[in-house]
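Report on the structure
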Amino acid sequence: MLSAPPAFATTASAVRSGPTFRAALALALMLTGFAVEASSNAWPAPPRPVASAGFAPRGALFAPSSATAGGTVAAVEEGSDEQFRAQAEAEVLRRVGAPARRDDLRLWLPVAKGRPVVLDSQPADAADPARPSVDFRLDGLSPDGQFYVVRATLAAGSELLWISRADGTRYEMHGNVNPSPDGRYLVVTHASPGAEFNGVVLWSREDGRLVERYRFQPAPDQTAISFRFMRWRDADTVELAQFAEVDASTCDLGTLSSTALLSRKAERWILRSASGQRCDR
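Residues numbered from 1 in each chain as written. Predicted model: local features only at pLDDT ≥ 70, side-chain atom pairs only at ≥ 80, totals over all residues. Heavy atoms only, no water.

**With respect to the overall build of the chain**
Worth spelling out the cut-off: Strands here are runs of E lasting at least two residues and helices are runs of H or I lasting at least four, both read from the DSSP assignment and numbered beginning at the N terminus. Each residue is placed in one exposure class: buried if its accessible area under a 1.4 Å probe, protein chains only, is under 20% of its type's maximum, exposed if it is over 50%, and partly exposed if it falls in between. Contacts between residues were defined by any pair of non-hydrogen atoms, one from each residue, lying within 4.5 Å. Residue burial considers only the protein chains on display, and all accessible areas are found by Shrake-Rupley using a 1.4 Å probe.
Broken down by element type, the chain carries two helices and 17 strands. The burial tally for the chain puts 47% of its 281 residues in the buried class. Look at the contacts in the chain between residues 6 or more apart in sequence, and 49% of them connect residues 24 or more apart. When the accessible surface of the chain is totalled, it reaches about 13700 Å², and 52% of it is carbon and sulfur.

**Quick word on the sheet that holds strand β4 (residues 117-120)**
In a beta sheet, neighbouring strands are held together by backbone hydrogen bonds and run either parallel or antiparallel to one another. Note the following rule: Note on pairing: DSSP must find at least two bridges between two strands before they are called paired. The axes used here are C-alpha line fits, helices contributing only the stretch in contact, and every angle between their N-to-C directions lies in the interval 0 to 180 degrees.
Taken together, the three strands give an open sheet; going across it, the order is β2-β3-β4, and neighbouring strands pair in antiparallel fashion. Only two strands of the sheet have a single neighbouring strand rather than two, namely β2 (101-103) and β4. Sheet twist, expressed as the average angle between the axes of neighbouring strands with direction ignored, equals 20°. Two elements, β2 and strand β3 (residues 106-109), share three bridges in a ladder whose sense is antiparallel. Bridge pairing links R101 to W108 in β3.

**As for helix α2 (residues 81-96)**
This is how the line gets drawn: The span expected for a helix works out to 1.5 Å for each residue beyond the first.
Under the 1.5 Å per step criterion, the end-to-end length of α2 is 22 Å for 16 residues, consistent within 8% with the ideal 22 Å. Against β2, β3 and β5 (134-141) lie the buried residues of α2.

**Details of the side chain of H190**
In plain terms, the rule: Here a polar contact means two N or O atoms within 3.5 Å. Within protein one must be a hydrogen donor candidate and the other an acceptor candidate, and residues neighboring in sequence count only if both atoms are side-chain atoms.
Within the secondary structure, H190 is located in strand β10 (residues 185-190). Within polar-contact distance, the side chain of H190 engages the backbone oxygen of F197 at 2.7 Å. Not counting chain neighbours up to four residues away, the residues in contact with H190 comprise H174, G175, E196, F197, N198, G199 and F227.

**Topic: unusual backbone geometry**
Phi at D104 is positive, roughly 60°, even though this residue is not glycine. Here D104 shows up in the loop between β2 and β3. For D104, a relative accessible area of 31% puts it in the partly exposed group.

**Quick look at the packing of aromatic side chains**
To describe a pair of aromatic rings, you give the distance between the ring centres and the angle between the ring planes. The following threshold applies: Centres within 6.5 Å make a pair out of two Phe, Tyr or Trp rings, where for Trp the six-membered ring is used; the pair is then stacked when the planes are under 30 degrees apart, edge-to-face when over 60, and tilted otherwise.
Under the definition given, this model contains six aromatic pairs. Taking 5.7 Å as the distance between ring centres and 85° as the angle between the ring planes, the aromatic pair formed by Y171 and W203 counts as edge-to-face. Residue Y171 is located in strand β8 (residues 170-172), and its partner W203 is located in strand β11 (residues 199-206); the two are separated by 32 residues in the primary sequence. Each member of the pair, Y171 as well as W203, is classed as buried. Seen in terms of ring centroids, Y185 and W269 are 5.0 Å apart; in terms of plane orientation they differ by 75°. Their pairing is edge-to-face.

**Focus on the nonpolar core**
Under the convention used in this document: Put simply, a nonpolar core is a bunch of buried Ala, Val, Leu, Ile, Met, Phe, Trp, Tyr and Cys residues held in one set by side-chain atoms that sit within 4.5 Å of each other.
Membership of the largest hydrophobic core comes to 19 residues, with the highest contact counts inside it found for L109, L119, L138, V150 and I163. Broken down by secondary-structure element, the contributors of at least two residues to this core are α2, β3, β4, β5, β6 (147-154) and β7 (157-164). Among residues more than four places away in sequence, those in contact with L138 are E89, V92, L93, L107, L109, Y148, V149 and V150. Judged by nonpolar contacts, the second largest core, of 16 residues, contains V200, I225, L240 and W269.

**Considering the sheet that holds strand β9 (residues 177-179)**
Reading across from one edge, β9-β10-β11-β12 is the order of the four strands in this open sheet, with antiparallel pairing throughout. Each end of this open sheet is capped by a strand with a single partner; those strands are β9 and β12 (209-216). With strand direction ignored, the average angle separating the axes of adjacent strands in the sheet is 25°. Here β10 pairs with β11 via six bridges, running antiparallel. The partner of T189 across the bridge, within β11, is V200.

Right under this line is the structure:
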């Protein structure tokens, strides 16, 4: 029987996600430029916060045009995933309000200080297979309205970006964000057998910034372990479902499940198993 992983604590980013995926995302982000409006760098006060509109489904990533600068959806195949994605983002842009906008494959995100963030989607190029394709879509704002929530979809997977509306700082969040009851901490779990991130990350909110306080990601040679967020028990304790892939001779369906807790002890966070393992049936 596979034993549960030992308790694990850290205060820094000890491990990172798949190198190939991260390299592709980094290159794609480098290819997205920063621009500034010719008239002024001063931007209006942020609009009223709105909740994230959720994630549009994956599908055909590109069409001749996704949406115009005014948010009107361009002509695409009726009923296609691309049409749904374009319509969903156009509605988000309408709710967020100007000057955030889309101009064909370019997404403009103004910030309070400095140049606006400009994200350029790019389709695959048959003449240059090494160039990564990437599709940026605005999903909405964080619940407090301080961050843009953007989904970056690449051929190898996807990444969720929170982008500060104050200064444009980008944070790779990996998956859905679950705030603590007091809003001080954010926890993210994501399970991926491939190139995407697999593990648990916890952030603290400090003066409008996000600071990574905990990260756990199984080493490549470890038995496959993944986590799913269940609930915050209190402001300092997260309850997670933990899964370990095992041989069918150990468990018919090949998965052992248990409960894990991520808890704060003073200034440290510790992840530990909190129940016995059981076979999923």
